[in-house]
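Results of the structural survey
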Amino acid sequence: MRVTALAGGVGGARFLRGLLAALRASPDPARRDAVVTVVSNTADDVTLHGLRVCPDLDSVMYTLGGGIDEQRGWGRSEETSGVADELAAYGQEPTWFTLGDKDIATHLVRTRMLAQGRTLSEATAELCRRWRPGVRLLPMTDDVVETHVDLAPVPEAERAAHDGEAGGRRVHFQEWWVRLHAAVPALALEPVGAADARPAPGVLEAVAGADVVVLPPSNPVVSIGTVLAVPGVREALRTSAAPVVGVSPVIGGAPVRGMADACLAAIGVPTTAGAVAGLYADFLDGWLVAEDDAEQARATTAASAPGLVVRGRPLLMSGPRATAELAGAALDLAAELAGRERAA
């Protein structure tokens, strides 16, 4: 069995851990022996202090490899910040993005390999040799793609609450997300470079050759949406024979984690399970939503995705068991939909 997931961020990484647990515990030998490929968002990537940082790739690698900080959901466990403290003492910006001491080693290896002319795919494979995440981890592209954000102007009276930000300028997504906590409204989000990017080796094949494609509850705009912006990926999903099943990142009109509502507002999409499904309407076959959101999601998608099967179930990944059960429900829905012709 071949399972392909498009993922990014903390929620995606935690879901993937549950997915592996569900597969390994399955009574079905095909699931137990499943090969999982993860296509990860790289548009959050940023260069800091000369180091190339790939937050989503690293979150998946650390989470599945057992090195993640469980409390934060990102970065290394038992981390220290001696280097970051020294950089701040030297007045070296940015001080709002802290690179942990152990985490820096990952970025040094990656940056050195890229400087030697190796691809991001090759660097990721090298890093995964240590962490052994149990999946084939692929960047969405080896080309440079970075999400940039156009900030709305901030009234002078409100600037103190936003670290002195005046707005009215374009910033890297990480500055909006980490320094400003997405509290300054975004006028636009653009994955710069995506239109000219090429899928990384193996990405299109992983989608075309899958038995199941899963969309974890990742941010639909800046995690999964950026993967879909790479030419060829969306078409591969449309034409794949595999059922595509997604998990809503929204419960009761609010994001399960993070600030996805700010991203959705920037593209004019309501923060509802049904509206998020509409972003995937051309290829999505099954959609897991919170039980109380099921009726609304079915009504919303009736016209935009008439063949979409919407199922309500508990979505909170409150622990390993709940997460594995959620992932198992996604696999079960995919099995139910296998061979079913996608509605036009």
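Residues numbered from 1 in each chain as written. Predicted model: local features only at pLDDT ≥ 70, side-chain atom pairs only at ≥ 80, totals over all residues. Heavy atoms only, no water.

1. Brief notes about the pattern of salt bridges
Selection criterion: The term salt bridge refers to a pairing of a side-chain nitrogen on Lys or Arg with a carboxyl oxygen on Asp or Glu at a separation within 4 Å. Secondary structure elements follow DSSP: runs of H or I no shorter than four residues count as helices, runs of E no shorter than two count as strands, and numbering proceeds from the N terminus. Between buried and exposed lies partly exposed: a residue is buried under 20% and exposed over 50% of the maximum accessible area for its type, with that area taken using a 1.4 Å probe on protein chains only.
Inspection of every chain in the model, using the stated rule, returns 21 salt bridges. Note that Glu146 is salt-bridged to Arg52, the shortest N-O span being 2.8 Å. Here the residue Glu146 occupies a position in strand S6 (residues 146-151), and Arg52 occupies one in strand S4 (residues 51-53), the gap between them amounting to 94 residues. Here Glu146 and Arg52 have matching classes, each one buried.

2. Digging into the sheet that holds strand S13 (residues 286-289)
Either a parallel or an antiparallel arrangement is found when strands of a sheet pair, and the pairing is made through backbone hydrogen bonds. The cut-off we apply is this: Strand pairing is defined by DSSP finding a minimum of two bridges between the two strands. Lines are fitted to the C-alpha atoms to define the axes, a helix being fitted only along its stretch in contact, and any angle between axes, read from their N-to-C directions, falls within 0 to 180 degrees. In this description, contact between two residues means that some pair of their heavy atoms is separated by no more than 4.5 Å.
If you trace the 7 strands from one edge of the open sheet to the other, you get S5-S2-S1-S9-S10-S13-S14, paired in parallel fashion. Only two strands of the sheet have a single neighbouring strand rather than two, namely strand S5 (136-139) and strand S14 (309-312). Looking at each pair of strands side by side, their axes are set apart by 20° on average, direction ignored. Examined bridge by bridge, strand S1 (residues 2-7) and strand S2 (residues 35-40) share 6 bridges and lie parallel to one another. What sits directly across from Leu6, in S2, is Val39. Against the sheet, helix H3 (residues 55-65) contacts S2 and S5, and its axis sits at roughly 175° relative to S5. In the packing of helix H13 (residues 294-304) onto the sheet, the strands contacted are S13 and S14, and the crossing angle to S14 comes to about 170°.

3. Notes on the environment of Ala166
Within the secondary structure layout, Ala166 lies in the loop between S6 and strand S7 (170-172). Judged by its relative accessible area of 33%, Ala166 falls in the partly exposed class. Sequence separation between Ala166 and Glu156 is 10 residues; the distance between their C-alpha atoms is 7.1 Å. Among residues more than four places away in sequence, those in contact with Ala166 are Ala152, Pro153, Val154 and Arg159.

4. Remarks on unusual backbone geometry
The omega torsion across Glu93 and Pro94 is 0°, close enough to zero to call that bond cis. In this fold, Pro94 is placed in the loop between helix H4 (82-89) and helix H5 (101-115). A positive phi angle is found at Glu78, which is not glycine, with a value near 50°. You can call Glu78 exposed: its relative accessible area is 73%.

5. Some remarks on the side chain of Asn219
Rules: Residues adjacent in sequence count toward polar contacts only when both atoms are side-chain atoms; beyond that, a polar contact is any pair of N or O atoms within 3.5 Å, and within protein one must be able to donate a hydrogen and the other to accept it.
Of note, Asn219 is situated in the loop between strand S9 (212-215) and helix H9 (224-229). Look at Asn219 and you get buried, because its relative accessible area is 11%. A polar side-chain atom of Asn219 sits 2.9 Å from the main-chain amide nitrogen of Val221. When sequence neighbours within four positions are dropped, the list of residues in contact with Asn219 reads Trp177, Ile224, Gly225, Ala260 and Cys263.

6. Details of the environment of Met1
Assignment of secondary structure puts Met1 in the segment before S1. Met1 gets classed as partly exposed once you look at its relative accessible area, which sits at 29%. Sequence separation between Met1 and Ala34 is 33 residues, and the spatial gap between their C-alpha atoms is 4.6 Å. Once you skip the residues sitting within four places of it in the chain, Met1 turns out to touch Ala30, Arg31, Ala34, Val35, Asp211, Val212 and Leu331.

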